[in-house]
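# Structure at a glance
Next come the chains, spelled out residue by residue.
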Amino acid sequence: MKLLNKFILAFSMALMPIAAQAQDANPAEAASDAVAAGVPAADTAPVVADAAADGEAEAALPEYTQVDVTTADVVGRPEAGGIDFQEQYTDNGIYAKWINNAILLPIIIVISLFVLGLIGWVIVRYNRKANPQASKTTHNTTIEVIWTLVPVLILLGIAYPSLDLLARQFKPAPEGAVTVKATGYQWYWTYTYPDHGGFEIVSNMLKEEKDAGEGERFRTDADGPDLMAVDNRMVVPVGVPIRLQTTAADVIHSFAVPSLWYKLDAVPGRLNEKALTIKKPGVYFGQCSELCGARHGYMPIAIEALPPAQFANWVKAKGGKMPAEIKAEQAAAAAKAKADAASAAAAASEGVDAGAGNDAAAEPGEVDASDKAGVQDAPAVQ
Ligand SMILES: [Cu+2]
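Residues numbered from 1 in each chain as written. Predicted model: local features only at pLDDT ≥ 70, side-chain atom pairs only at ≥ 80, totals over all residues.

## Overview of the overall build of the protein
Formally: A run of H or I in DSSP counts as a helix once it spans at least four residues, and a run of E counts as a strand once it spans at least two, with each numbered from the N terminus. Counting other C-beta atoms within 10 Å of a residue's C-beta gives its exposure: the residue is buried at 20 or more, exposed at 12 or fewer, and partly exposed in between, where C-beta atoms are placed from the backbone. A pair of residues counts as a contact when their C-beta atoms, built from backbone coordinates, are separated by no more than 7 Å.
When helices and strands are counted, the protein shows 11 helices and 10 strands. Taking all 382 residues of the protein together, 27% fall into the buried category. The contacts of the protein with a sequence gap of at least 6 include a subset with a gap of at least 24, amounting to 73%.

## As for the sheet that holds strand S5 (residues 242-248)
Quick reminder of the rule: Any two strands are treated as partners once DSSP identifies two or more bridges connecting them. Structural elements are reduced to axes, namely lines fitted to C-alpha atoms, with helices fitted over the stretch in contact, and the angle between N-to-C directions of any two is expressed from 0 to 180 degrees.
One open sheet holds the five strands; their spatial order is S3-S2-S1-S5-S8, and the pairing between them is mixed. Each edge of the open sheet is held by one strand with a lone partner, namely strand S3 (199-203) and strand S8 (272-276). Adjacent strand axes in the sheet meet at a mean angle of 25 degrees, parallel and antiparallel pairs treated alike. Taken together, the five bridges between strand S1 (residues 178-185) and strand S2 (residues 188-193) define a ladder with antiparallel strand orientation. Counterpart to alanine 182 in the pairing with S2 is tyrosine 191.

## Focus on the environment of aspartate 68
Along the chain, the position of aspartate 68 falls in the loop between helix H5 (55-60) and helix H6 (91-125). Between the C-alpha atom of aspartate 68 and that of alanine 222, which follows or precedes it by 154 residues, the distance is 4.5 Å.

## Observations concerning helix H7 (residues 141-170)
Stated precisely, the cut-off is as follows: Here, expected helix span is obtained from the residue count minus one, scaled by 1.5 Å.
If you check H7, its first and last C-alpha atoms are 43 Å apart, about what 30 residues at 1.5 Å a residue would give, namely 44 Å. Little of H7 is tucked away: zero of the 30 residues are buried.

## Some points on unusual backbone geometry
Look at the link from glutamine 186 to tryptophan 187: it is a cis peptide, with omega at 5 degrees. Within the secondary structure, tryptophan 187 sits in the loop between S1 and S2. One non-glycine residue, leucine 227, lies in the positive phi region at around 70 degrees. A residue is classified by how many C-beta atoms lie within 10 Å of it, and leucine 227, with 14 of them, is partly exposed. Even without glycine at this site, tryptophan 261 takes up a positive phi of about 50 degrees. When the 23 C-beta atoms within 10 Å are taken as the criterion, tryptophan 261 is described as buried.

## A short note on the environment of arginine 233
Structurally, arginine 233 can be placed in the loop between S3 and strand S4 (234-237). Distance from arginine 233 to valine 67, taken between C-alpha atoms, is 9.6 Å for residues 166 residues apart in sequence. The residues touching arginine 233, leaving out its near neighbours within four places in the chain, are Gln66, Ser203, Val283, Ala302, Ile303 and Glu304.

Now the structure itself:
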């Protein structure tokens with residue numbers, strides 16, 4: 001039953017990617033609308049990374065500096081001569097790599113060797129010289145049942161984990177996940193942080209020293225490998241769910257970071273979204289993976305995953321605010337607005353005559369009825 005449910009879920013999601021991924025064009029706007037509509041700020045403001053906003057942790061940290069990839073643990077980057085998937089740093093990535101290495105590769109190898117063996121056997125045993133009198137046999141029920149059933153079982157064995165993986169990848173980010181919006185441009189990325197005051201990071205590939213102009217910043221080994229290092233990395237907290245959204249401003253790009261098992265098209269006019277939680281601090285490199293024009297190969301992605309307290313430090317350095325601060329400000333503003341409204345109402349009621357008391361006692365339904373009557377009367381007067 002659980003299997004059947006997963007099948008149905010995965011198939012229906014695979015068939016309806018547009019519906020599954022359609023999002024509010026601007027989540028920040030939606031959030032502020034909700035606040036304006038009187039929804040308590042706590043319901044809309046993300047809270048997961050709040051721990052990071054604690055004053056003591058922040059104060060103890062030095063000013064943010066970009067992680068040096070020559071001294072930090074090297075994670076999330078391609079290796080020379082590598083043939084396997086990159087080491088994975090998300091749950092889905094680890095699961096997917098396990099499916100490949102523990103299920104798909106053994107099945108592929110066994111089937112290939114089996115078919116190779118059959119071909120070899122036929123070549124040696126049944127060539128014209130070794131077997132001059134060919135058999136006239138055309139049917140063998142047992143073999144036919146086996147060669148139908150065995151492939152069906154193999155396919156089912158592959159289908160279960162792969163549909164399971166598909167369903168896991170479609171799982172939306174939990175409430176309170178940190179939202180980051182990556183926008184593809186010809187040919188660079190920008191990263192917006194709607195939960196942290198909506199500031200934006202522009203991320204360009206770093207030039208090599210020989211190509212850089214006078215006084216221009218160029219790549220060093222501390223920034224990352226050639227063609228992968230960027231001037232401003234996308235910084236996110238480690239171990240915290242991230243709602244990573246992609247869109248584009250001009251043509252279709254694709255946001256792909258192999259070691260995070262993340263690849264999602266960035267389509268103009270559409271907001272795609274996929275959740276991820278990075279398991280280890282470090283710098284993760286990726287590239288645009290949709291042919292997007294002349295410099296498609298020169299718009300790399302570099303994600304820096306920091307412990308939450310350091311992430312808060314970075315947010316502060318970029319002029320942003322942590323959700324807890326924003327929530328506190330919104331609560332203060334709402335309280336002030338309420339107090340203002342109350343004092344205004346008090347001032348207004350002082351000027352109202354004694355008859356107002358009767359109106360206030362009327363049932364809401366009666367008020368409506370009299371209002372409607374008033375509206376209907378109006379055209380008759382004209
Ligand atoms: Cu691109």
